[in-house]
Amino acid sequence: MPDSHTPTAARLRTLALDDLPLDLIGGAVAIGNFDGVHRGHAVLIQTAIAEAKRHNSNALVLTFDPHPRTFFRPEPPVFRLTPPAARARIMAALGVDGVIAARFDTAFSQLEPTAFEEDVLAGRLAARSVIVGEGFRFGKGRAGTTEQLAAAGERLGFRVAVVEPVVGEDGERISSSAIREALAAGDIATANRLLGYRWFVIGGVVHGDHRGRELGFPTANIALPPDCQLRHGIYAVTLATDGGPPLAGVASYGRRPQFDNGAPLLEVYVFDFDGDLYGRDVVVTFIDWIRPEMTFPSVDDLVETMRRDCETARRQIESAGQGSPIDKALAASG
């Protein structure tokens, strides 16, 4: 859970494995892909924070770029739940001191388990504690096991903690795959419950065709990454920028079948807002699902439905409240 010393995303350092300052070595290191930084990941991170406090050091995260699955099997592309900028915000909200990204290339993929233990963990990181999930595998051919890692820790001088899988209220195992499936179905409630916070995206506002303004609903348009598999539809959202408070709104993600059926675009109509967002980075947080994307008999029918969408979104956002402690920390950090 975030506490009073939680760093902001702007202060959180994300560094390459080969470019670490001395003050970020010798800490407690949680290892994983951390895509989504969900409730299971949060337990690993909280364990790392507890270990770091135990020996008065930093709580660090070691992750991999690109995602190993992207390296070994680039097609189909992995739906990245939390690209680096989003991951940094969440890690900061959780209280991590630094994120270390190891470049996952051919040379790294061929590291023998012993080399990973000796050269990376004991060598470049000088880790005092290593925290991994149950079933963690590492090294060439995924040959390294948690048992081997624990034995290496005894030999090399770092403590190993293995965290059991986290199970949700309904008994399901919390995983990035389950969250991707929920978002692909438009099931924001399930995705947010598994994450432990509300899913969000970060992107720059670009010029569109201004059709929303002509219809009376001016929108901030954000092009999401091509790998995004969020279900096309209408959502209740908030939008924040420049450290300001989140503003309530309604968003459409899809191809605009009423007009051009073009490339997918996120279009956000912010209630009671008359500012200029062009060229600015914004954080769009998804509160709830409203309806699928569809076509209408006329533009007037579309406009009337959009008015009802706005009323629905206002009710959903009001009833949702401030969210989890992580949501509150994210909102405070801007």
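Everything numeric in this text was worked out from a predicted model, so none of it was measured.

Draft legend 1. Focus on the nonpolar core. Core analysis: the largest hydrophobic core is formed by 63 residues, its most contacted members being Leu 266, Val 284 and Phe 286. For this core, the element with the highest residue contribution is helix H3 (residues 84-94), accounting for 7 residues. Once residues lying within four places of it in the same chain are set aside, the contact partners of Val 284 are Trp 199, Phe 200, Val 201, Ile 222, Val 237, Thr 238, Leu 239, Leu 266 and Val 268. Core analysis: the second largest hydrophobic core is formed by 27 residues, Val 29, Leu 60, Leu 121 and Val 132 among them.

Draft legend 2. Highlighting the confidence of the model for the chain. Averaged over every residue, the pLDDT of the chain is 90; the share at 70 or more is 95%. In the model of the chain, helix H9 (residues 211-214) stands out as the element of lowest mean pLDDT, 68, in contrast to strand S2 (residues 28-31), which has the highest, 98. Note on residues 1-10: pLDDT under 50 across the span, and 20 contacts to partners over four residues away in sequence or across chains.

Draft legend 3. Up close: unusual backbone geometry. A cis amide bond links Asp 65 to the next residue, Pro 66, at an omega of 0°. Mapped onto the fold, Pro 66 is located in the loop between strand S3 (59-65) and helix H2 (68-72). Cis geometry is found at the peptide bond from Glu 75 to Pro 76, where omega equals -5°. Take Pro 76: it is sitting in the loop between H2 and H3. Within the chain, Asn 56 stands out as a residue other than glycine whose phi angle is a positive 50°. Within the secondary structure, Asn 56 sits in the loop between helix H1 (39-54) and S3. Overall, Asn 56 belongs to the exposed group, its relative accessible area being 74%. Even without being glycine, Asp 272 reaches a positive phi, approximately 55°.

Draft legend 4. Structural view of the sheet that holds strand S7 (residues 200-206). Around the barrel, which closes on itself, the 6 strands sit in the order S7-S8-S11-S10-S9-S12 with antiparallel pairing between neighbours. Neighbour to neighbour, the strand axes of the sheet diverge by 45° on average, direction disregarded. Here H3 sits on the sheet and contacts S7 and strand S12 (281-292); the angle it forms with S7, its principal contact strand, is near 130°.

Draft legend 5. Broad picture of the packing of helix H5 (residues 113-124) against helix H6 (residues 146-156). Between H5 and H6, the shortest axis-to-axis distance is 11 Å and the interhelical angle comes to 45°. Put simply, H5 runs oblique to H6. Between H5 and H6 the crossing geometry is right-handed. The segment H5 lies against H6, with Pro 113, Thr 114, Glu 117, Glu 118, Leu 121 and Ala 122 engaging Gln 148, Leu 149, Ala 152, Arg 155 and Leu 156.

Draft legend 6. Inspection of the pairing of strand S9 (residues 233-240) at higher detail. In terms of residue burial, S9 counts as a mostly covered element, since 8 of its 8 residues are buried. Here S9 runs beside strand S10 (residues 247-254); their pairing, made up of 7 bridges, is antiparallel. Its bridge partner being in S10, Leu 239 is matched across the sheet by Leu 247. Connecting S9 to the antiparallel partner S10 that follows it, the hairpin turn spans 6 residues, and Asp 242 within it adopts a positive phi of roughly 55°. Sheet topology note: the S9/S12 ladder contains 8 bridges and is antiparallel. Residue Gly 233 lies in a different strand from S12, and its bridge partner there is Pro 292.

Draft legend 7. Seen up close, the packing of aromatic side chains. Counting across every chain of the model gives 16 aromatic pairs. Considering the side-chain rings of Phe 64 and Phe 104, the 6.2 Å spacing of their centres and the 80° angle between planes classify their relative orientation as edge-to-face. Linking Phe 64 in strand S3 with Phe 104 in the loop between strand S4 (98-103) and helix H4 (106-109), this pair joins segments that are 40 residues apart in sequence. Across the pair, exposure class does not vary: Phe 64 and Phe 104 are buried alike. Members of the aromatic cluster, connected to one another through ring pairs, are Phe 64, Phe 71, Phe 72, Phe 104, Phe 108, Phe 116, Phe 136 and Phe 138. Positioned over the ring face of Phe 271 is Arg 314, at 4.1 Å from the centre of the ring.

Scoring rules and cut-offs
Residues numbered from 1 in each chain as written. Predicted model: local features only at pLDDT ≥ 70, side-chain atom pairs only at ≥ 80, totals over all residues. Heavy atoms only, no water. Core = buried A, V, L, I, M, F, W, Y, C linked by side-chain atoms within 4.5 Å. Buried < 20%, exposed > 50% of the residue type's maximum accessible area, 1.4 Å probe, protein only. Helix = DSSP H or I, 4+ residues; strand = E, 2+ residues; numbered from the N terminus. Contact = heavy atoms within 4.5 Å. pLDDT = per-residue confidence, 0-100. Pairing = 2+ DSSP bridges. Axes fitted to C-alpha atoms, helices over the stretch in contact; angles between N-to-C directions. Parallel < 35°, antiparallel > 145°, perpendicular 65-115°, else oblique. Left-handed = near helix turned anticlockwise from the far one by under 90°. Phe/Tyr/Trp six-rings, centres within 6.5 Å; stacked < 30°, edge-to-face > 60°. Lys NZ or Arg CZ within 6 Å of the ring centre and 35° of its normal.

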